[in-house]
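Structural characterization, general
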Amino acid sequence: MQLIWLRSDLRLNDNTALAAAAARGPCVAVYLTSPAQWRAHDDAPCKIDFWLRNLASLSTALAELNIPLLIRHAPHWDQAPSVLLTLCRELNIEAVHANEEYGVNEARRDAEAARCLKAQGIDFHSYLDQLLFKPGSVLTRTGSYFQVFSQFRKACYSRLHLSLPKLIRAPARQAPTGIHSDLVPTEVEGFALPSDSLRTLWPAGENEARRRLDTFVDQHLDFYQSERDFPAKPGTSQLSAYLVTGVVSPRQCLHAALQANQGEFESGSAGTVTWINELLWREFYKHILVGFPRVSRHRAFRPETEALAWRNAPEELAAWKQARTGLPIIDAAMRQLLETGWMHNRLRMVVAMFLTKNLLIDWREGERFFMQHLIDGDLAANNGGWQWSASTGTDSAPWFRLFNPLSQSEKFDRDGLFIKRWLPELNDLDKQQVHNPLGGLFDRPDYPAPIVNLSQSRERALEAFRNLPTRQHAMTGKTGDQRT
Ligand SMILES: Cc1cc2nc3c(=O)[nH]c(=O)nc-3n(C[C@H](O)[C@H](O)[C@H](O)COP(=O)(O)OP(=O)(O)OC[C@H]3O[C@@H](n4cnc5c(N)ncnc54)[C@H](O)[C@@H]3O)c2cc1C
């Protein structure tokens, strides 16, 4: 009997470990609930709920193939090896199969599980599945990890020209095992259930992920490059939560996009090229996580920026978290996060830069708050995004190029539709006033005054970066990323 240990790969189709386990003989699946570990990782309650709903959907799909899904409890990952070993002994398992996960705690857990199982004569097989390329396989000529995205992308293109990662078939139905599936919990203690309206936005299951992917590719992909920066438009795929949970794979996304663009990833439709670019950013940050494990330990990618004089400003931090900064685009974005568990990418950059530059608050505060609320919370992408915005990361925004939230607002939400969607109290303002209701004569009882002066706080941030002891390092970042 084979055991497939499911983690962030909650799908039947194109699942490397599941297909490998099923190819070797009858198999059983297991999922470990680990609330203490999830809490330590700041996983959001809406994210845990989304995972459980997807797991329930997968359990039904697995049952049709006679693959039972068992649920075991390992509150902390330290307990995972012994919980797995007990199960393997109970079921007389020959080998455990799992898709690789990246991050220091994940790697330590898997190494320990493999060691513990192998010591008892049980094989442990791990597979590349969450990424297109194995971390460590896309390197510079001198054998180190890429630190500049455009160079990484070029190397990925060369690999894709040689061969495309292949899709893997779902396993065939097996003979009944006589083992009964466990009920998937609908709730885990310590993680409150999200609102029904949030749940409705994110239906569970592989069919939903496929539907989103197909709809996006058919209707939006060609316009992605020109539409993706406007938060009032449905210009992006909204697949991130499904990718993080592994309900859809990056290979499925890549193949769907290529099919719409005659197999081209470097030319043809600008929308396709740009979207594949974003899939490669996802890839890049996961490679960074493995190549530079310090980013997994709350450390800045650029060590010299550890000396930045971040401000301790609890009231301003609270205003940012609670969407009452008095800057409509920031507050609207934060309300979107709080109410839907998701925020548009353009706005993630804008609110992150506002927190780390205008408020000069440590990026780790924002990173943590995002994780605690995002349905698509992902260590690599979240850390990468925060360090990009704070100019402490690899291939980051240069520290002297700050976004001005008002110009961002006027440029990307010109008519104020996004702002009004999330801040209905500003509905009566016209499209000029709505970006800055208190900037002129529009004193309002129902909306706060801005908590910070944008030009003074900009100067304060520049000064803090200028004062870094080795600022030339922070300044020289060759940036291949042209976001403005
Ligand atoms: C401060 C900050 C924090 C972020 N935190 C997360 C996070 O926790 N989880 C997460 O998945 N993404 C994160 N991102 C990246 C990006 O904002 C989201 O992936 C994107 O908004 C998801 O929407 P979508 O699925 O419609 O994306 P699309 O535009 O349709 O892109 C397709 C996919 O590409 C990947 N992708 C897109 N942009 C990026 C990027 N900049 N970095 C890495 N991958 C990317 C995602 O998997 C996404 O689903 C963060 C970005 C910033 C600036």
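Remember, it's a predicted structure, so these values are computed and weren't measured experimentally.

Moving on to the layout of surface pockets. There is about 560 Å³ of room inside the second largest pocket. As for the second largest pocket, its lining consists of 23 residues, of which Lys233, Pro234, Thr236, Gln238 and Trp342 are closest to the centre. Elements that contribute at least two residues to the lining of the second largest pocket include exactly α8 (206-219), α14 (328-340) and α19 (417-422). Grouping the amino acids of the lining of the second largest pocket by side-chain chemistry returns 10 nonpolar, 9 polar and 4 charged. Two domains each provide a minimum of three residues to the lining of the second largest pocket, namely domain 2 (131-164 + 202-291) and domain 3 (303-481).

Moving on to the site of the ligand. In the vicinity of the ligand there are 30 residues, among which Tyr224, Thr236, Ser237, Gln238 and Asn345 approach most closely. With respect to the ligand, the side chain of Asn345 contributes an N or O atom lying 2.7 Å from an oxygen atom. In isolation the ligand has 820 Å² of accessible area, and contact with the protein removes 97% of it. Where the shell around the ligand is concerned, the elements lending two or more residues are α10 (240-245), α12 (270-291), α15 (345-358) and α17 (379-390).

To continue, consider the domain arrangement of the chain. Under the domain assignment, the chain is made up of domain 1 (2-128), domain 2 (131-164 + 202-291) and domain 3 (303-481). Summarising the inter-unit geometry, the C-alpha centres of domain 1 and domain 3 are found 38 Å apart. The interface is formed by 8 residues belonging to domain 1 together with 8 residues belonging to domain 3. Of all residues in domain 1, Asp42, Cys46 and Lys47 give up the largest surface area on contact with domain 3, accounting jointly for 65% of the area buried on that side. In this assembly, domain 1 and domain 3 are joined by 1 salt bridge. Across the salt bridge formed by Arg368 and Asp42, the nearest N and O atoms sit 3.0 Å from each other.

How each quantity is defined
Residues numbered from 1 in each chain as written. Predicted model: local features only at pLDDT ≥ 70, side-chain atom pairs only at ≥ 80, totals over all residues. Heavy atoms only, no water. 1 Å grid on protein atoms, 1.4 Å probe; cavity = no way out; pocket = protein on both sides within 12 Å on 5 of 7 lines; lining within 4 Å. Points joined across faces, edges and corners; volume = space filled by probe spheres on them. Helix = DSSP H or I, 4+ residues; strand = E, 2+ residues; numbered from the N terminus. Nonpolar A, V, L, I, M, F, W, Y, C, P; charged D, E, K, R; others polar. Domains from an automatic or database assignment. Near = heavy atom within 4 Å. Polar contact = N/O pair within 3.5 Å; in protein donor to acceptor, adjacent residues only side chain to side chain. Areas by Shrake-Rupley, 256 points an atom, 1.4 Å probe, with all protein chains shown as cover. Contact = heavy atoms within 4.5 Å. Buried area = accessible area lost by both parts, 1.4 Å probe. Salt bridge = Lys/Arg side-chain N within 4 Å of Asp/Glu carboxyl O.

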